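Structural features, examined
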Amino acid sequence: MPAYKPGLRVVGPDGRSIKLSSNESPYGPLPSVREAIAQASADLNRYPDPGATELVTALAGHLGVPEEHVALGAGSVGLLQQLLTAVGEPGAEVVYAWRSFEAYPLLADLAGVTSVRVPLTDETHDLDALAEAVTDRTRMVLVCNPNNPTGTAVRERELVRFLDRVPDHVLVILDEAYREYVRDPEVPDGLDLYRDRPNVAVLRTFSKAYGLAAVRLGYLVGHPHVAGAVRKTLVPFAVNHIAQAAGVASIAAEDELLERVALTVKERDRVRDALVASGWTVPRSEANFVWLRVDGDTLDFAAACAREGVAIRPFDGEGARVSLGTPEENDVFLAVATAYPKRR
């Protein structure tokens with residue numbers, strides 16, 4: 001069984017190391033969040049609240065949902081594992097687009113669930129093909145929106161049409177790890193879609209926009225039978241005390257946080273415009289990264305970036321995902337990309 005491969009770090013000239021391979025925020029936690037983490041560290045000799053009561057209450061109030069609709073996990077990837085454990089049984093299938101989040105097949109294999117991969121069309125989910133792939137063995141469908149690694153997003157009309165086609169007994173997970181970066185008004189908020197659909201649930205994370213990748217904190221919003229199943233499959237105390245304190249403080253600092261998100265969105269548009277102007281074909285991204293179709297030259301392009309101390313995420317034979325860093329970091333990447341002779 002293959003292991004998950006995290007984004008790498010490389011070292012280039014004069015010790016330069018720019019990590020654009022993991023979709024991390026270039027900005028650390030806000031000052032108020034750092035203070036909350038420091039205060040919480042005084043109680044590291046105690047087990048955390050197993051129900052994360054304060055955080056669940058804060059999330060429910062912030063999102064406008066009932067508390068019993070919220071479940072937590074060690075990042076959205078931890079919640080995915082909890083979900084697959086809950087639905088896993090001999091012969092069960094999970095349907096998802098490909099290429100999408102690289103953890104999907106690994107976690108499905110671990111849970112003993114059969115993966116059914118549906119190819120992307122123009123780097124975007126083919127929702128009609130996804131619906132057609134659903135059978136009586138399907139237990140869950142994953143829709144990554146915006147999609148990782150291509151950054152593309154499906155819009156409300158087509159997503160609603162797809163949800164209407166999925167049988168009620170099949171769970172649909174809207175994986176919205178990058179929701180805070182969406183600017184297209186036609187891309188739906190999963191929280192609006194789940195409310196009257198008991199078979200739909202939404203995944204989100206504090207790892208990206210909130211700058212808390214290290215503390216491992218994510219949440220699911222779904223109807224009580226879904227959220228309850230996810231709570232049952234959580235490893236006891238997996239959402240630690242530091243994560244809970246950081247999550248509560250981050251919600252309180254939402255306005256300041258979104259100012260940082262706006263800076264990343266501005267950089268996303270600048271980087272994409274520069275790439276397109278230099279001859280690259282880059283789909284419009286609604287996430288904190290861009291996707292370059294490099295096909296057979298993908299590893300060569302990644303090596304060219306690495307020589308300048310820039311780590312990106314290559315998918316051999318397909319393309320490269322490049323996270324947005326600070327403006328200075330992005331300029332180093334752009335210098336490599338615009339000079340690369342085999343632009344697509």
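On a predicted model such as this, the values are computed, not experimentally measured, just so you know.

**Here we look at the domain arrangement of the protein**
Taken domain by domain, the protein comprises domain 1 (18-28 + 254-339) and domain 2 (31-253). Here the C-alpha centroids of domain 1 and domain 2 sit 24 Å apart. On the domain 2 side, the residues contacting the 28 residues of domain 1 number 28 residues. Across the domain 1/domain 2 interface, buried area totals approximately 2,400 Å², and carbon plus sulfur atoms make up 53% of it.

**So, the UniProt feature "modified residue: N6-(pyridoxal phosphate)lysine" (unreviewed entry) in the protein**
In this structure's numbering, the residues bearing the UniProt feature "modified residue: N6-(pyridoxal phosphate)lysine" (unreviewed entry) are Lys208. Within the secondary structure, Lys208 sits in the loop between strand E7 (200-205) and strand E8 (218-221). Lys208 gets classed as buried once you look at its relative accessible area, which sits at 16%. What Lys208 contacts, discounting residues up to four positions off in sequence, is Ser22, Asn23, Ser25, Ala177, Tyr178 and Tyr181. Among the polar contacts listed, one links the side chain of Lys208 to the backbone oxygen of Ser22, at a separation of 3.5 Å.

**Description of unusual backbone geometry**
Most peptide bonds take the trans configuration, and most residues that are not glycine carry a negative phi. Note that the residue after Trp98, namely Arg99, is joined by a cis bond; omega there is 15°. Position of Arg99 among the secondary structure elements: in the loop between strand E3 (93-98) and helix H4 (103-110). Of note in this structure, Glu123 is not a glycine but carries a positive phi near 65°. Here Glu123 is to be found in the loop between strand E4 (114-119) and helix H5 (127-132). Its relative accessible area of 16% is what places Glu123 among the buried residues. One non-glycine residue with positive phi stands out, namely Phe237, at about 65°. Structurally, Phe237 is set in the loop between helix H8 (224-232) and helix H9 (241-252).

**Some remarks on the layout of surface pockets**
In this structure, the largest pocket spans a volume of roughly 550 Å³. Lining the largest pocket are 27 residues, and of these Lys5, Pro6, Arg313, Pro314 and Phe315 lie nearest its centre. Here the lining of the largest pocket gets four residues from one element, more than from any other, and that element is helix H11 (residues 298-307). A class-by-class count of the residues in the lining of the largest pocket yields 18 nonpolar, two polar and seven charged. Taken as a whole, the second largest pocket spans an internal volume of roughly 450 Å³. In this structure, the second largest pocket is lined by 25 residues; those nearest its centre are Tyr4, Ser22, Phe101, Lys208 and Arg216. Taken together, the residues of the lining of the second largest pocket sort by class into nine nonpolar, eight polar and eight charged. When residues of the lining of the second largest pocket are assigned to domains, at least three map to each of domain 1 (18-28 + 254-339) and domain 2 (31-253).

**Overview of the sheet that holds E4**
On the basis of which strands lie adjacent, the open sheet formed by seven strands has the order E2-E8-E7-E6-E5-E3-E4 and mixed pairing. In this open sheet, the two edge strands, each paired with only one partner strand, are strand E2 (70-73) and E4. Each strand axis lies, on average, 25° off the axis of its neighbour in the sheet, ignoring direction. Contacts between helix H2 (residues 53-63) and the sheet are confined to E2, E7 and E8, with E2 contributing the most and set at about 125° to the helix. This element, helix H3 (residues 75-87), spans E2, E3, strand E5 (138-144), strand E6 (171-175), E7 and E8 of the sheet and lies at about 150° to E7.

**A short note on the side chain of Asp184**
Following the sequence through the fold, Asp184 ends up in the loop between E6 and helix H7 (190-194). Beyond its immediate sequence surroundings of up to four residues, Asp184 is in contact with Arg155 and Glu286.

What counts, and at which threshold
Residues numbered from 1 in each chain as written. Predicted model: local features only at pLDDT ≥ 70, side-chain atom pairs only at ≥ 80, totals over all residues. Heavy atoms only, no water. Domains from an automatic or database assignment. Contact = heavy atoms within 4.5 Å. Buried area = accessible area lost by both parts, 1.4 Å probe. UniProt positions renumbered as here; feature names shortened; annotations may be inferred. Helix = DSSP H or I, 4+ residues; strand = E, 2+ residues; numbered from the N terminus. Buried < 20%, exposed > 50% of the residue type's maximum accessible area, 1.4 Å probe, protein only. Polar contact = N/O pair within 3.5 Å; in protein donor to acceptor, adjacent residues only side chain to side chain. 1 Å grid on protein atoms, 1.4 Å probe; cavity = no way out; pocket = protein on both sides within 12 Å on 5 of 7 lines; lining within 4 Å. Points joined across faces, edges and corners; volume = space filled by probe spheres on them. Nonpolar A, V, L, I, M, F, W, Y, C, P; charged D, E, K, R; others polar. Pairing = 2+ DSSP bridges. Axes fitted to C-alpha atoms, helices over the stretch in contact; angles between N-to-C directions.

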